[in-house]
Amino acid sequence: MHMNKHDQSSFCPPSSTVYRMAEEPVVPGCFIRAKAIWFMPIIDQGEKDDKIIAIYADDPEYRHYTDIKELPPHRLAEVRRFFNDYKKNDNKDVAVDDFLPATKAYDAVQSSMNLYADYIVESLRR
């Protein structure tokens, strides 16, 4: 399993980052079709740092998943371990909260789209 991070932009929901699960690594900067399947609230050094987990829509291993509840328990354990450990080398504390359903991830994505639209409209008014 590979976890590819999509760099946070100023239009991501506050303190949110998107990670994508896939069987094969993907070259940075390429465009792919992705589908959010869950939302994961995380506390990183005492601050909110939520994660949206998505799958590659064309990956034969993951493309049929639409929500976290469909993943096998061992895959959830791997993802939880990844986020609990990914900053240990930097001596930083991370607390992984509950895994929330895809609807929460889509709410966060919609919030990002609204922020972006507001930014564009405001830019056009100038």
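This is a predicted model, so every value here is computed, not measured.

Q: I would appreciate a short explanation of the packing of aromatic side chains in the present structure.
A: For any two aromatic rings, the description comes down to two numbers: the centre-to-centre distance and the angle of the planes. This model, assessed by the stated rule, comprises three aromatic pairs. Note on Trp38 and Phe99: the rings are 5.4 Å apart at their centroids and 50 degrees apart in plane angle, and the pair reads as tilted. Taken together, the residues span a long stretch of sequence, with Trp38 in strand β3 (residues 34-40) and Phe99 in the loop between β7 (94-96) and α2 (102-125) at a distance of 61 residues. Each member of the pair, Trp38 as well as Phe99, is classed as buried.

Q: Can you help me understand the nonpolar core in this one?
A: A general trend in soluble globular proteins is that nonpolar side chains are found buried together. Counting 18 residues, the largest nonpolar core has Met21, Trp38, Met40, Ile53, Leu71, Phe83 and Phe99 as its most contacted members. Counting only elements with at least two residues in this core, the list comes to β2 (16-22), β3, β6 (50-56), α1 (73-85) and β7. Ranked by size, the runner-up nonpolar core spans seven residues in total, among them Ile52, Ala54, Ala105 and Ala108.

Q: Please explain the pairing of β6 as it appears in this structure.
A: The side chains of a regular strand alternate, residue by residue, between the two faces of the sheet. β6 sits mainly inside the fold: seven of its seven residues count as buried. The two faces of β6 match: Asp50, Ile52, Ala54 and Tyr56 on one face and Lys51, Ile53 and Ile55 on the other face are all buried.

Q: Could you clarify how one ought to interpret the pattern of salt bridges in this entry?
A: Taken as a whole, this structure holds four salt bridges when the rule is applied. Its salt-bridge partner being Asp85, residue Arg81 comes within 3.3 Å of it at the nearest N-O pair. Here Asp85 and Arg81 lie together in helix α1, a separation of four residues that amounts to about one turn.

Conventions and cut-offs
- Residues numbered from 1 in each chain as written.
- Predicted model: local features only at pLDDT ≥ 70, side-chain atom pairs only at ≥ 80, totals over all residues.
- Heavy atoms only, no water.
- Phe/Tyr/Trp six-rings, centres within 6.5 Å; stacked < 30°, edge-to-face > 60°.
- Helix = DSSP H or I, 4+ residues; strand = E, 2+ residues; numbered from the N terminus.
- Buried < 20%, exposed > 50% of the residue type's maximum accessible area, 1.4 Å probe, protein only.
- Core = buried A, V, L, I, M, F, W, Y, C linked by side-chain atoms within 4.5 Å.
- Salt bridge = Lys/Arg side-chain N within 4 Å of Asp/Glu carboxyl O.

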